[in-house]
Amino acid sequence: MDIRASVCPHDCPSTCALEVEVADGRIGAVRGAEANGYTAGVICAKVARYAERAHHPDRLTRPLLRTGEKGSGQFRPIAWDEALDRVVEAFTTAAARHGSEAVWPYYYAGTMGLVQRDGINRLRHVMRYSRQQTTICTAVCEAGWLAGVGRITGPDPREMACADLIVMWGGNPVNTQVNVMTHITRARKTRGAKLVVVDPYRTGTAQVADMHLAVRPGTDGALACAVMHVALRDGYADRDYMTRFSDFPPDLEKHLAARAPAWAAAITGLPVAEIEAFAALYCRTERAYIRIGYGFSRLRNGAANLHAVTCLPTLTGKWRHEGGGAFWNNRSIYHWDKTLIEGLDVRDTAIREMDMSRIGAVLTGERRALRDGPPVQAMLIQNCNPLLVAPDSNKVRRGFARPDLFTCVHEQFLTETARWADVVLPATMFVEHDDLYQAGGHSHIQIGPKLIEPPGECRSNHEVFQALAARLGARHPGFEMTAMQVIDATLRASGWPAAETVLRQRWLDVQPGFADSHFLNGFGHGGKFRFAPDWAAIGPNHHAMPALPDHMAAIDPARPEAPFRLVTAPARQFLNSSFTELASGRKREGRPTVLIHPDDAQRLGVADGDRVRLGNARGVVVVHARLFDGLQPGVLVVEGIWPSEYFEGGIGSNALTSDDPALPAGGAVFHDTAVWAQAAGAVLAVAAE
Ligand code: SF4
């Protein structure tokens, strides 16, 4: 049994350094690399049992052609040549009839490898196909972070181990990035550090915290303002620091003087005493590290909320201390030159760019979503399952049902989106191809080399681009190179050592030094943090953005016809819709379930385990109730993106979410949904696995 180095490719900030058992062309146990300072030998259970996924009998192994109705899942195997010829014919016909923008290659982060994930853009740009605005995950955080901080980096996440207080704001690392817990646990064991979790419900992370602030969804900005109010009131504001390192607007103190804990209590639903206790703890602790999660950004007002949270360490000067400050993502430190991978040298920014989160609106022909351009007639979809994960599923489904739309889906399993495809191509997994990785949640560059042969006729994304490019006459150096040659050339062009060196060293740790990562040499925006952001420079829909950190009331509010606020949070055993194909994970998760406060359940006449119907103008979903007092009355939580077949009625929780773009720069608003709820009748047994 060989132990081979690899990298987790999944859509998770941890990008774990892996050690994979390999024997007889198969993988065995997967472990975290002990020597990696961030992974520190720990990975999540999902990936530890990856052999179950890689060698799953349901893996797609041959190209398929649809034989039944769209969505029926009826296909017959065909040869690769026929499959590729059909794709090329559909793309060529669409472009001839409506122009090249009628073809929309679509992708996201089912793999995070830069070559296999982003190479689709090379094909796009060479062929002048429509561009994709990648909004479904990071866009709102990015807007909020850039508004104040101005650069996407921050204090080394390993510094959490040196903190005396860690505030996990809007994230549940127990479910989504277990390595954060490693470093928090170190701080608690060695320093007696406190953990505070801000989250609308008592997650697994909140359960082990010293303090949990169960805010109403979309009110985090109010909480942050109240903490700043207390800091100013009680003498913890660092005016010298603010003068040196921020724009320190003259009206900031007056503005925050009107945002006392009582004001925030009315908005967040938290007791004044809880807000005061949190504020006192935060203000008194120099080494206070705020780890910003994605959850509280997935709302119409998410960017404003996130900006308000980044104001906290600035107002109190905590960025100066080891173990202090705030961290969201390290994207800026890698300075990639992705010309070769993405064909940036031939990109034409005059070609329309459509919002991936609004795929339903695009495919159903909403004029604004199409940017006044031609209808989308043909798609290649990779690493992404929009029929399940994109908002407003009923609209997305109507779009995919169009008889005049051709879709080719390159996938590992027959996902919901693959079931609606005309042609399905079988895709490799990370241990079956070469790729290059950067970590959002830490600072390592790694290469994951091919370890085993893929099953059947699976091909990598890169191989599919090469084959399509050859047929379409698309010329670019990236199509003539192997994936490893693209990795090597990209590393060198970006100022990093060659691939051979990275493979030999296992990883490059490129965390900037203390002064840079703590912004002691200045923030973005010419060196100064901005309490008063230039929102117009961040996104086009900036008119409603607050001039200073504030609660921004632009959410889908609870109202008589939709009195509950729904959060659709990640499940521990799934990663978006990935891993839902594994029976072991489904068994651990149980079934689609809504967490509901006992007071609400009583009012609705719902008992534990009952079926509950949730609905709004976009759709209706049936789930089972779990009575749970770890959230406020009026808040509902459904964890996990279960495939539609596990829901009565055959449609999942994104039937309820909206494809409205977040302000000001777009982004999906998954946790900003008002719904009604009603008892749906008798208890059903859990489906046998
Ligand atoms: S914690 Fe995240 S990066 Fe690490 S193995 Fe699990 S999914 Fe992959």
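Above this text is the structure in question.
Calculation criteria
Residues numbered from 1 in each chain as written. Predicted model: local features only at pLDDT ≥ 70, side-chain atom pairs only at ≥ 80, totals over all residues. Heavy atoms only, no water. Buried < 20%, exposed > 50% of the residue type's maximum accessible area, 1.4 Å probe, protein only. Helix = DSSP H or I, 4+ residues; strand = E, 2+ residues; numbered from the N terminus. Pairing = 2+ DSSP bridges. Near = heavy atom within 4 Å. Nonpolar A, V, L, I, M, F, W, Y, C, P; charged D, E, K, R; others polar. Phe/Tyr/Trp six-rings, centres within 6.5 Å; stacked < 30°, edge-to-face > 60°. Salt bridge = Lys/Arg side-chain N within 4 Å of Asp/Glu carboxyl O. Axes fitted to C-alpha atoms, helices over the stretch in contact; angles between N-to-C directions. Contact = heavy atoms within 4.5 Å.

(A) The arrangement of the pairing of strand 9 (residues 194–198) in detail. The buried fraction of strand 9 amounts to four of the five residues, a majority that puts the element mostly inside the structure. One ladder, built from three bridges, connects strand 9 with strand 10 (residues 211–213); its direction is parallel. Residue pairing in the sheet places V197 in a bridge with H212 of strand 10.

(B) Representation of the site of the ligand. The full set of residues close to the ligand is C8, C12, S14, T15, C16, I43, C44, V47, N179 and L575. Classifying every residue of the shell around the ligand gives seven nonpolar, three polar and no charged.

(C) Quick peek at the packing of aromatic side chains. In this structure the tally under the stated criterion is 18 aromatic pairs. An angle of 80 degrees between the planes, with centres 5.0 Å apart, marks the rings of Y50 and F430 as edge-to-face. With Y50 in helix 2 (residues 50–54) and F430 in the loop between strand 16 (423–426) and strand 17 (435–438), this residue pair connects regions lying 380 residues apart in the sequence. Look at W169 and F296: their rings are 6.2 Å apart centre to centre, the planes differ by 40 degrees, and that puts the pair in the tilted class. Pair noted here: W169 is in strand 8 (residues 165–169) and F296 is in the loop between strand 11 (288–292) and helix 15 (302–315), with a separation of 127 residues, a long-range link.

(D) Local environment of the pattern of salt bridges. Tallying each qualifying case throughout the model produces 46 salt bridges. When salt bridges that share partners are traced, they join R358, E366, D392, K395 and D659 into one network.

(E) Just the sheet that holds strand 25 (residues 673–681), in detail. Judged by pairing direction, the barrel is mixed, and its six strands sit side by side in the order 20-24-21-23-22-25 before closing back on the first. For this sheet, the mean inter-axis angle between neighbouring strands, taken without regard to orientation, is 45 degrees. The pairing of strand 20 (residues 564–569) with strand 25 spans three bridges and is classified as antiparallel. Bridging across to strand 25, F564 finds its partner in V675.

(F) Structural view of the environment of E274. Locating E274 in the fold gives a position in helix 14 (residues 272–284). In sequence terms E274 and P13 are 261 residues apart; their C-alpha atoms lie 30 Å from each other. If we ignore the near neighbours within four places in the chain, the residues touching E274 are H212 and L213.

(G) Examining unusual backbone geometry more closely. At the junction of L663 and P664, the peptide bond is cis and its omega measures out at 0 degrees in the coordinates. The phi dihedral of H525 is positive, around 55 degrees, even though this residue is not glycine. Tracing the sequence through the fold places H525 in the loop between helix 24 (514–517) and helix 25 (535–538). Residue class for H525 comes out partly exposed when judged on its relative accessible area of 28%.

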